[in-house]
Amino acid sequence: PSQTHWPAPGLRRWKSPPTCVAERTWAMASGCEVEWRFVVNESPDLKYLHIPIHILLYLEFLHYLIFFCTPLLHLCHKKHIKRLLTGWIWPIHLMQMHNQLRYCAGWMNAVSPVSCTSTGGPGFKGAQGQPGMPGRGVSVGLLLVKHSQSEDVPQCPLNMPHLWDGYSLFYVEGSETAHNQDLGLAGSCLPRFNTMPFVYCNVNEVCNYASRNDKSYWLSTNAPIPMMPVAEDAIQAYISRCTVCEAPSVAIAMHSQSRSIPPCPRGYRSLWIGYSFLMHTAAGGEGGGQSLSSPGSCLEDFRSTPFVECQGARGTCHYFTNKYSFWLTAIDETRQFDADPIPETLKAGQPRSRASRCQVCMKNL
């Protein structure tokens, strides 16, 4: 198309990009970035030259300047100056200029059908980008609970922030129905202690507190078993303390079912070692258990009575004879499928030798 039929850039979009051969002066006036292709002496054996348009204008200006000053150059005795100037200009004068213009999506670009003969150097460094989104830290909100089984508040493992500490709630019983607490979850660590930590309500929108024979059970310490129920400040010596920490990954319990401590899997580190606690029973045949994958199933200290019962309405705590604890036992590898396990009674000091050992591990990040 001619200059009069060519649309100005940005006025409208063409369904198919037109192609034309335009004059140099018109292409400059249209505001396009033109890539010029020159063929020296129209010889197909010579390589194409790609010259920016501002260099071309400078050479054209210099050409016409030399053209009008040629008589003066003949008067010059320094012939090498004449050769230098004419050697730069006249080959350019003999070149034929060709360009193809293509109009794409409202923008005009000059396209040369020839490929580059060499790779250019690296471009300039771009401007700095926008700030990125905040990165995620190592801590992702996973919780780890540690019970000391003593009056002392346990410390969080290395590089784990402390969230809160409290008292180790084992489970509760209301209306002769028990509700178990996993010792590996944060719900088993209450910030405050009371023999009756809950209230019960009915459909009449009436709630009652400490008016029934409901009970609470707490992980106990290694304090000597008292002869009589303890009350008020004396209870504190029998209630285990606990700590909730923020962990980078999930902690798991490994059980050996032997007297040897099981190793952590490859890529995991040890948090603590202990004994494999399985389940418990209390008044009325109620009780509960621990998931063997939970850190709560690996208690650091073995006790035949690892928990104490507190009478909510009375405000007292005591160890009763109808409370039982169950532990994984050490099994001889050569007698795994024996028909009849050998009965055995283990007295004071001996149960530790038959309890399975365990280790709580966490993946290294």
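The structure under discussion appears in the preceding block.
Here, residues in each chain are numbered from 1, in the same order as that chain's written sequence. Where local features are concerned, this predicted model is filtered to residues with pLDDT of at least 70; where side-chain atom pairs are given and counted, the filter is 80 or more; whole-chain, interface and lining totals use all residues. Just so you know, side-chain values use all the structure's heavy atoms and leave hydrogens and water out.

Engineer: I keep staring at the state of the cysteines and nothing clicks. Help me out?
Structural biologist: What is meant by a disulfide is a covalent connection between two cysteines, made through their sulfur atoms. Any cysteine sulfur atom paired with another within 2.5 Å is treated as part of a disulfide. Counted according to the given criterion, the structure contains 6 disulfides. Here Cys-201 pairs with Cys-207 through a disulfide, and the sulfurs are 1.9 Å apart. Looking down the S-S bond of the Cys-201 and Cys-207 bridge, the torsion is 105 degrees, so its handedness is right-handed. Note on Cys-201: relative accessible area 48%, which makes it partly exposed. Counting only the cysteines that form disulfides, in the order they appear in the protein chain, gives the pairing 1-6, 2-5, 3-4, 7-12, 8-11, 9-10. Partly exposed describes any residue whose relative accessible area lies between the buried limit of under 20% and the exposed limit of over 50%, with all areas from a 1.4 Å probe on protein chains only and scaled to the type maximum.

Engineer: Please explain the packing of aromatic side chains as it appears in this structure.
Structural biologist: How two aromatic rings sit relative to each other is given by the distance of their centres and the angle of their planes. Pairs were defined over the aromatic rings of Phe, Tyr and Trp, the Trp ring being its six-membered one, requiring ring centres within 6.5 Å. Orientation was assigned from the angle between planes: stacked under 30 degrees, edge-to-face over 60, tilted for the rest. With the rule as written, the count across this model stands at 11 aromatic pairs. When the centroid spacing of 4.9 Å and the interplanar angle of 25 degrees are considered together, the rings of Phe-170 and Phe-307 count as stacked. With Phe-170 in strand S8 (residues 162–174) and Phe-307 in strand S20 (residues 307–311), this pair connects stretches of sequence that are 137 residues apart. With relative accessibility at 0%, the residue Phe-170 sits in the buried group. Chaining the aromatic ring pairs together yields one cluster made of Phe-170, Tyr-171, Tyr-217, Tyr-275, Phe-277, Phe-302, Phe-307 and Trp-327. For Arg-241, the ring lying beneath its charged end belongs to Tyr-167, and the centroid distance is 4.2 Å. Strands are runs of DSSP state E lasting at least two residues, helices are runs of H or I lasting at least four, and both sets are numbered from the N terminus onward. Throughout this description, the term charge over a ring refers to an Arg CZ or Lys NZ atom that lies within 6 Å of the ring centre and within 35 degrees of the ring normal.

Engineer: Before we go on, may I ask you to explain the pairing of strand S13 (residues 215–219) in this structure?
Structural biologist: Each regular strand shows side chains that alternate between the opposite faces of the sheet. Within S13, 5 of the 5 residues are buried, leaving the element largely enclosed by the surrounding structure. Here S13 shows a buried face lined by Lys-215, Tyr-217 and Leu-219 and a second buried face lined by Ser-216 and Trp-218. A strand pair is defined by DSSP finding two or more bridges across the two strands. Of the pairings in the sheet, the one linking S8 to S13 comprises 4 bridges and is antiparallel in character. The residue of S13 that forms the bridge with Tyr-171 is Tyr-217. In this sheet, S20 lies alongside S13 in antiparallel orientation, the contact comprising 5 bridges. Pairing of Ser-216 across the sheet is with Cys-310, part of S20.

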